[in-house]
Each structure stands twice: as structure tokens, then as C-alpha cells.
Amino acid sequence: ETLGVIGFPFSKGQPRNGTEHGPNVLREAGIITSLQSLGVNVIDHGDIEIEVVPRDEPMKNVRNPRTVAAANKKLSDAVAKLVKMNQSVLALGGDHCMAIGSIHGHAQVEPNLVVVWVDAHADVNTPLTSVSGNIHGMPLSFLLKELEEFVPKVPGFEWCKPCLSVRDLVYIGLRDVDPAERLIIEKFGIHAYSMQEVDKYGIKEVVERALNQVDPSGVRPIHVSFDVDAMDPTLTPATGTPVSGGLSLRESFYLAEEISNTGRLSVLDIAEVNPLLSTEDKRKLTVINTTDVSTKFYGYRRQG
Ligand SMILES: CN[C@](CCCC[B-](O)(O)O)(CCN1CCCCC1)C(=O)O
Ligand SMILES: [Mn+2]
Ligand SMILES: [Mn+2]
Ligand SMILES: [Mn+2]
């Protein structure tokens, strides 16, 4: 089994510079060697080449649409190519708009995939419901078939055909959801385990229910889109939209271990590491904790 690593050095899905350095600070922290030490055959395919599209005027309030679209088209093609070569893929971000390219590319080869979205946020605003205009708060609206009729054409995204159904998506870690996002989640009955459910049922029960709801027969390829702001900000402070009361280190480890144990993790996104948004020691803490969770997704066993 080969694990292909792709860097997505990108920040234009949100306004805070720094997530373009995410892939490299994770590499410098030794994420590749940590994975290789698990006996995983890791190939680092380098970074997606990012081009800034000139005169990339906002479409209504959507910022950097063409630049975000062009970068994610490249990511989609790269992910599809690796999945087609039977590699599992670790995509290092970069802001969470990366999920547009990553999930789209994965779905071109594995249309039967399910998505586990681990995040403080639902990231399901449409270009019309978004208050911020930051595409990192909208990726799922570009991917969900049931939202297609509510999403306007955004310049550059002509390539991005919705490829996911709401019943194939489950959230874990929500604690900062916009009113319009809540409406969408309730209208379409999207499975969602917020931090309230994590407290109520415990992480074991939440992970069990989540996986059972999207894939009761336990056969479908899994795409995990992991926003590091799902974890408590005391653990991953170097991120753009921190929200208190997040997943503990052990809850994050357990979630990753259970996903790993399915043997069906196909693509993992690690999004929203922003080394510029904190002091040196907080940056170190963020990349160490992010790396430690990542190794659990790929078979690190706490029991030895
Ligand atoms: C909750 N939605 C936000 C944040 C999206 C975070 C994206 B992620 O990838 O980091 O998860 C925030 C919108 N609020 C901003 C403050 C005023 C109310 C709206 C948005 O910009 O859509
Ligand atoms: Mn988030
Ligand atoms: Mn996110
Ligand atoms: Mn974030």
C-alpha cells in the first residue's frame, strides 16, 4: 500500500496569509518520516503549482474565485491520478477550500466514497449565504448534488461538477455553525455530530454512529477532510478560525485510529495549519499535534 503525499500551499480561500506555508511546516516537522517509520511506503509528490489569476475580481462577495478554482482543478487532477494508481492520498493544506479539489478528484475515481468532515465549522455556506465571502467556508456547497440548484455559477469553477450526496457526508466536531448552514443541515438531514454530541455520547459512540450512518455495510472508500481547528485551540492554536471547546488530543487520536482500523481510508486532507498566526512555540505545538494525529490515521498503535 503506497501513501502519496501532495502539498497544497494555498491561502486564497480565506484572508489570513500563512496557510500557504502549511505543507512545508508539516514536512519540516517530520510528518513524512513519522509516517515512514510506521512502515508505510510514503511517496512525497511535492506541491501543487499555484498560479495567481490576474484581475481575479470578486463575484458578488466571493473572493479570489478564479484563483481558488484554478488551484483546486490542479489538485483534483493530481488526487485523481494518484487514486487511479491505487495510492491512498494525504493532501496537506492550505486552507479548507482544498476540499473542493481533493474530494472532486477522489470522486472521479471512487464515486462511491463517503466523507467524514472533521471541523469546528460546517463549511457548507453557498456563495449566496456566505457572510464572509471566504471560499474556505463554502467548499461543500460546490460538491453537494442537492445544493446545485442553490449555487450560482462562479467564474473558473466550470470544471467542478457536484459529486457528493448529502447522505454520504457526516460531520464531527461542529461548534460554530452559521444560521444558513444550520438550515441546510436540517433541510437535507445531513448527519452531524457537534461537540455537544461528542460530550453527550462520547467519541467512541459518535465515531461508531457516524461511520454506520454513511456506510452501514462497511465497504465504501473513506475521505476524511480534517480541519485542524476541529481540535481544541490549546492544541492547534496556529489556525485561522479557532473556536474554544474542541476535540481533545485523545478524542482526535481515537477518531483517527477507528478510521484507520476500517482499512478503507483512501484520502485524508489536513487543512488550515497557519504558522504565521501564532508564536514560534504555538506553531511547534500545532504541527506536533497535527503530525501525531496524522500518524494515528495511518496505523500508529498507542497499544504498541
Ligand atoms: C462559520 N462560517 C465562517 C467560517 C468558515 C471557516 C472555514 B474553515 O475551513 O476554517 O472551517 C464564519 C462566518 N462568520 C464570521 C463572523 C461573523 C458571522 C459569520 C464563514 O466564513 O463562512
Ligand atoms: Mn474550521
Ligand atoms: Mn474547515
Ligand atoms: Mn479554520
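Just so you know, these numbers come straight off a predicted model, no measurement behind them.

Asker: Summarise the coordination of the manganese ion (ligand 2); cite the residues concerned and give the values.
Answerer: For a metal with four tetrahedral donors the ideal donor-metal-donor angle is 109.5 degrees, whereas six octahedral donors ideally subtend 90 or 180 degrees. With distances of 2.1 to 2.5 Å, the protein atoms coordinating the manganese ion (ligand 2) are Asp119 (OD), His121 (ND1), Asp227 (OD), Asp229 (OD) and Asp229 (OD). Metal-centred angles of 57 to 168° between the 6 donor atoms at the manganese ion (ligand 2) mark the site as irregular. Summarised as a motif, the one-chain spacing of the donors to the manganese ion (ligand 2) is D-x1-H-x105-D-x1-D. A spacing of 3.3 Å is found between the manganese ion (ligand 2) and the manganese ion (ligand 3), which share Asp119 as a donor. With respect to class, Asp119 is no different from His121; both count as buried.

Asker: Please set out the site of ligand 1 residue by residue, giving values where relevant.
Answerer: In the vicinity of ligand 1 lie 15 residues, with Asp123, Ser132, Asp178, Asp227 and Thr241 positioned nearest. Here an oxygen atom of ligand 1 sits 3.2 Å away from a polar atom, N or O, in the side chain of Asp229. Glu272 places a polar side-chain atom, nitrogen or oxygen, 3.2 Å from an oxygen atom of ligand 1. Burial of ligand 1 by the surrounding chains reaches 75%, relative to a free accessible area of 540 Å². Across the shell around ligand 1, the residue classes break down as no nonpolar, 7 polar and 8 charged.

Asker: If you had to explain the pairing of strand S4 (residues 114–118) to someone new, which residues and values would you point to?
Answerer: Within a regular strand, side chains alternate between the sheet's two faces. Across the 5 residues of S4, 5 count as buried, placing the element largely inside the fold. Here S4 shows a buried face lined by Val114, Val116 and Val118 and a second buried face lined by Val115 and Trp117. As paired strands, S4 and strand S7 (residues 222–227) are joined by 5 bridges and run parallel to one another. Across the sheet, Trp117 pairs through a bridge with Ser225, a residue of S7. Where S4 and strand S5 (residues 169–174) come together, 4 bridges link them in parallel fashion. Within S5, the position partnered with Val118 by the bridge is Ile172.

Asker: Break down helix H3 (residues 65–84) for me, citing the residues and quoting the values.
Answerer: Its 20 residues give H3 an end-to-end C-alpha distance of 28 Å, which sits within 8% of 28 Å, the value for a rise of 1.5 Å per residue. Residues Pro65, Thr67, Val68, Ala69, Ala71, Asn72, Leu75, Ser76, Val79, Ala80, Leu82 and Val83 constitute the buried set of H3. Buried residues in H3 make contact with strand S1 (2–8), strand S2 (41–47), strand S3 (88–93), helix H4 (98–109) and strand S8 (265–271). With its phi angle positive at about 65°, Asn86 sits one or two positions after the end of H3.

Asker: Could you give an account of the packing of helix H7 (residues 203–214) against helix H8 (residues 249–262), with specific residues and numbers?
Answerer: The packing of two helices is summarised by the inter-axis angle and the distance between the axes. Taken N-terminus to C-terminus, the directions of H7 and H8 make an angle of 35°; their axes are 10 Å apart at the nearest point. The chirality of how H7 crosses H8 is right-handed. Here Ile203, Lys204, Val207 and Leu211 of H7 come into contact with H8, specifically with Glu251, Tyr254, Leu255, Glu258, Ile259 and Thr262. Residues that form the contact of H7 with H8 fall into these classes: 6 nonpolar, 1 polar and 3 charged.

Asker: Residue-level account of the coordination of the manganese ion (ligand 4), with values.
Answerer: In the first shell of the manganese ion (ligand 4), the protein supplies Asp229 (OD) and Thr241 (OG1), at 2.2 to 2.6 Å from the metal. Taken as a pair, the manganese ion (ligand 4) and the manganese ion (ligand 2) lie 3.5 Å from each other and share Asp229 as a ligand. Residue Asp229 is located in the loop between S7 and H8, and its partner Thr241 is located in the loop between S7 and H8; the two are separated by 12 residues in the primary sequence. Under the relative-accessibility criterion, Asp229 is labelled buried at 1%.

Asker: How would you explain the confidence of the model for the protein if you had to name every residue and give the values?
Answerer: Looking at the protein, the pLDDT average stands at 98 and 100% of residues meet or exceed 70. Interface confidence for the predicted complex, expressed as ipTM, amounts to 0.97; the pTM equals 0.98.

Asker: Describe the packing of aromatic side chains, and please don't skip the residues or the numbers.
Answerer: The tally for this structure, following the rule as stated, stands at 5 aromatic pairs. Between Phe8 and Phe10, the aromatic rings sit 5.2 Å apart at their centres with planes inclined by 40°, giving tilted as the arrangement. Aromatic side chains Phe226 and Phe297 sit 6.0 Å apart centroid to centroid with 80° between the ring planes, which places their arrangement in the edge-to-face category. With Phe226 in strand S7 and Phe297 in helix H9 (residues 280–297), the pair connects residues that are 71 residues apart, well separated along the chain. Given a relative accessible area of 2%, Phe297 falls into the buried group. Pairwise contacts between aromatic rings join Phe142, Phe157 and Trp159 into one cluster. Sitting over the ring of Phe188, Lys187 keeps its end group 5.2 Å from the ring centre. Stacked on the ring of Tyr201, the Lys or Arg Arg209 has its end atom at 4.0 Å from the ring centre.

Parameters and conventions
- Residue numbers run consecutively from 1 along every chain, following the written order of its sequence.
- Lettering of chains starts at A and numbering of ligands starts at 1, both following the order in which they are written.
- Per-residue local features of the predicted model are confined to residues with pLDDT of at least 70, and side-chain atom pairs are confined, for both listing and counting, to 80 or more; whole-chain, interface and lining totals are unaffected and use all residues.
- Derived side-chain values reflect all non-hydrogen atoms in the structure, with water molecules and hydrogen atoms excluded from consideration.
- Sodium, potassium and calcium take a 3.2 Å donor cutoff, other metals 2.8 Å, and in both cases only N, O and S atoms count; water is not among them, so sites may look incomplete.
- Tetrahedral means four donors with every angle between 85 and 135 degrees, whereas square planar (four donors) and octahedral (six donors) require angles over 155 degrees between opposite donors and between 65 and 115 for all others; sites fitting neither are termed irregular.
- Buried, partly exposed and exposed residues are distinguished by accessible area as a fraction of the type maximum, computed with a 1.4 Å probe on protein chains only: under 20%, between the cut-offs, and over 50%, respectively.
- In these notes, residues near a molecule or strand are those with any non-hydrogen atom within 4 Å of it.
- Here a polar contact means two N or O atoms within 3.5 Å. Within protein one must be a hydrogen donor candidate and the other an acceptor candidate, and residues neighboring in sequence count only if both atoms are side-chain atoms.
- Each accessible area is a Shrake-Rupley result for a 1.4 Å probe, and residues are judged covered by the shown protein chains and nothing else.
- Gly is placed with the polar residues, together with every amino acid not listed as nonpolar (Ala, Val, Leu, Ile, Met, Phe, Trp, Tyr, Cys and Pro) or charged (Asp, Glu, Lys and Arg).
- Secondary structure elements follow DSSP: runs of H or I no shorter than four residues count as helices, runs of E no shorter than two count as strands, and numbering proceeds from the N terminus.
- Two strands pair under a simple rule: DSSP has to find at least two bridges between them.
- Helix span is expected to be 1.5 Å times the residue number reduced by one.
- Every residue pair with non-hydrogen atoms within 4.5 Å of one another is taken to be in contact.
- Think of each axis as a best-fit line through the C-alpha atoms, taken over the contacting stretch in the case of a helix, with angles from 0 to 180 degrees between the N-to-C directions.
- Two helices cross in a left-handed way if the nearer one is turned anticlockwise from the farther one by less than a right angle. They cross in a right-handed way if the turn is clockwise.
- The predictor attaches a confidence to each residue, called pLDDT, with possible values from 0 through 100.
- Between the rings of Phe, Tyr and Trp (Trp by its six-membered ring), a pair exists once the centres lie within 6.5 Å; its type follows the angle of the planes, with under 30 degrees stacked, over 60 edge-to-face, and the other angles tilted.
- Charge-over-ring contacts are defined here by two conditions on Lys NZ or Arg CZ: a distance within 6 Å of the ring centre and an angle within 35 degrees of the ring normal.

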